[in-house]
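Examination of the molecular architecture
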Amino acid sequence: MPETMRDASSAPILLCDIKDGIATVTLNRPEKKNAMSLELLSLVRETCESLREEPGLRAVILTGAGGVFSAGIDITMMGSMASNVDDLKARMAQTDESGANEFQSPNTCWASLPVPVIAAIDGICFGAGMQLALGADFRIADPATRMSIMEAKWGLIPDMGLTQSLPKLMGADQAKMLMMTGRELTGEEALAVGLVTETTETPLSRALELAETFVLKNPDALAASKKLVDETWGSGGKEALLLEARLQATLMGSPNNVEMIMANMQKRPPRFG
């Protein structure tokens, strides 16, 4: 894992705990409502990249310390970057092999992990924090959570990977409404428009319960399901059918497929390779 960065209080600004195949990644700037600094964005990206190589990983949970997911971009950082707009624009133009720049990749990288990623959301989830949550496969939110794609407040558009996530969740008109107005939603309202998967007053506990369910599933099938949806959802056509068949053919008769069948027949927990 990357070296943990620290803020002025010498506390780690991001925590990553891995236990029984489940990684819990925690934004840890509670005094700043887990606002995203450049350092925190960088560490989120590095952690995601490290988890891609983590042996035995079965699921990831994204959450925030102090009863808050994230207030969005750190206002202090926004002010300092505004003083050198040309440098900021140049940095935005520099992209990695996926096409994402340094501000997008901390949110888009989670789609590249071959395991389910669950965002456990409470308190507030605004702007950059919202785009991080949208980068997960599932969002479990407290009904009272306040959520917003907030960039309209600053006369901007969301530019941290939202184009990769939002089209799979809602219609274009609803997306435009949220982007253009910066409207604030409760967790329950977010559920109604498709931004949230489930609501519960204990989102982190529910996320852990869901992650533990995934641990008992064939990891190859989970990875294939994620790939199938991410690459074909809403497109259809011949290519989607071909990918569906190819992924299934790879799974059929594989060691983990056989183990899943045997575990069910013998009524025991599976032991995947």
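Residues numbered from 1 in each chain as written. Predicted model: local features only at pLDDT ≥ 70, side-chain atom pairs only at ≥ 80, totals over all residues. Heavy atoms only, no water.

Side note on the sheet that holds strand E7 (residues 146–148)
Pairing within the open sheet is mixed, and its 3 strands lie in the order E5-E7-E8. The strands lining the two open edges of the sheet, one partner per strand, are strand E5 (124–126) and strand E8 (185–186). Bridge count between E7 and E8: 2 bridges; the pairing is antiparallel. By the bridge assignment, Met147 is partnered in E8 with Leu185. Its contacts with the sheet put helix H5 (residues 127–134) on E5 and E7, and the angle it makes with E5 is roughly 95°. (Pairing = 2+ DSSP bridges. Helix = DSSP H or I, 4+ residues; strand = E, 2+ residues; numbered from the N terminus. Contact = heavy atoms within 4.5 Å. Axes fitted to C-alpha atoms, helices over the stretch in contact; angles between N-to-C directions.)

Considering the nonpolar core
One finds Val60, Leu62, Trp110 and Leu195 to be the most contacted residues of the largest nonpolar core, which totals 44 residues. Top contributing element to this core by residue count: helix H1 (residues 38–51), with 6 residues. Non-local contacts of Leu195, meaning those with residues more than four positions away in its chain, are made with Met130, Leu134, Arg139, Leu166, Met170, Leu178, Leu185 and Ala190. (Core = buried A, V, L, I, M, F, W, Y, C linked by side-chain atoms within 4.5 Å. Buried < 20%, exposed > 50% of the residue type's maximum accessible area, 1.4 Å probe, protein only.)

Some details on the side chain of Gln131
Mapped onto the secondary structure, Gln131 falls in helix H5. Given a relative accessible area of 3%, Gln131 falls into the buried group. Ignoring sequence-local partners within four residues, the contact set of Gln131 consists of Asn107, Glu151, Pro158, Asp159, Met160, Gly161 and Leu162.

A closer look at the pairing of strand E6 (residues 138–141)
In this sheet, E6 lies alongside strand E4 (residues 117–121) in parallel orientation, the contact comprising 4 bridges. In the strand pairing of E6, Ala120 is matched with Ile140. Here E6 pairs with strand E9 (residues 198–199) via 2 bridges, running parallel. Considered in E9, the bridge of Ala141 is made with Thr199.

Digging into the layout of surface pockets
In this model, the largest pocket occupies a volume close to 1200 Å³. Taken together, 48 residues line the largest pocket, and the ones lying closest to its centre are Thr108, Ala111, Ser112, Gly135 and Asp230. Breaking the lining of the largest pocket down by element, the ones donating at least two residues are helix H4 (105–108), H5, E6, helix H6 (162–165) and helix H10 (219–232). It is H10 that contributes the most residues to the lining of the largest pocket, 8 residues altogether. Its residues assigned to classes, the lining of the largest pocket comprises 20 nonpolar, 16 polar and 12 charged. (1 Å grid on protein atoms, 1.4 Å probe; cavity = no way out; pocket = protein on both sides within 12 Å on 5 of 7 lines; lining within 4 Å. Points joined across faces, edges and corners; volume = space filled by probe spheres on them. Nonpolar A, V, L, I, M, F, W, Y, C, P; charged D, E, K, R; others polar.)

Remarks on a nonpolar patch on the surface
On the surface, Val258, Ile261, Met262 and Met265 cluster together to form a nonpolar patch covering roughly 360 Å² of accessible area. For Ile261, the position within the fold is in helix H12 (residues 255–265). (Patch = residues over 30% accessible without salt bridge, like charges linked within 9 Å, V, L, I, M, F, W, Y side chains within 5 Å. Areas by Shrake-Rupley, 256 points an atom, 1.4 Å probe, with all protein chains shown as cover. Salt bridge = Lys/Arg side-chain N within 4 Å of Asp/Glu carboxyl O.)

Things to note about the packing of aromatic side chains
Two aromatic rings are characterised by how far apart their centres lie and by the angle between their planes. Under the defined criterion, the tally for this structure stands at 1 aromatic pair. Taking 5.7 Å as the distance between ring centres and 25° as the angle between the ring planes, the aromatic pair formed by Phe138 and Phe214 counts as stacked. With Phe138 in strand E6 and Phe214 in helix H9 (residues 203–215), this residue pair connects regions lying 76 residues apart in the sequence. Classification of Phe138 by relative accessible area gives partly exposed; the value is 25%. For Phe214, a relative accessible area of 11% translates into the label buried. (Phe/Tyr/Trp six-rings, centres within 6.5 Å; stacked < 30°, edge-to-face > 60°.)

So, the pattern of salt bridges
By the definition in use, this model includes 9 salt bridges. Linking Asp74 and Arg29 is a salt bridge whose minimum nitrogen-to-oxygen distance equals 2.9 Å. Of this pair, Asp74 sits in the loop between strand E3 (59–64) and helix H2 (75–82) while Arg29 sits in the loop between strand E2 (22–27) and H1, and the two are 45 residues apart along the sequence. Pair check on accessibility: Asp74 and Arg29 agree, each one buried. A salt bridge links Glu259 to Arg268; the shortest N-O distance between them is 2.6 Å. With respect to burial, Glu259 and Arg268 carry one shared label: buried. Overlapping salt bridges bring together Asp87, Arg91 and Glu102 as one network.

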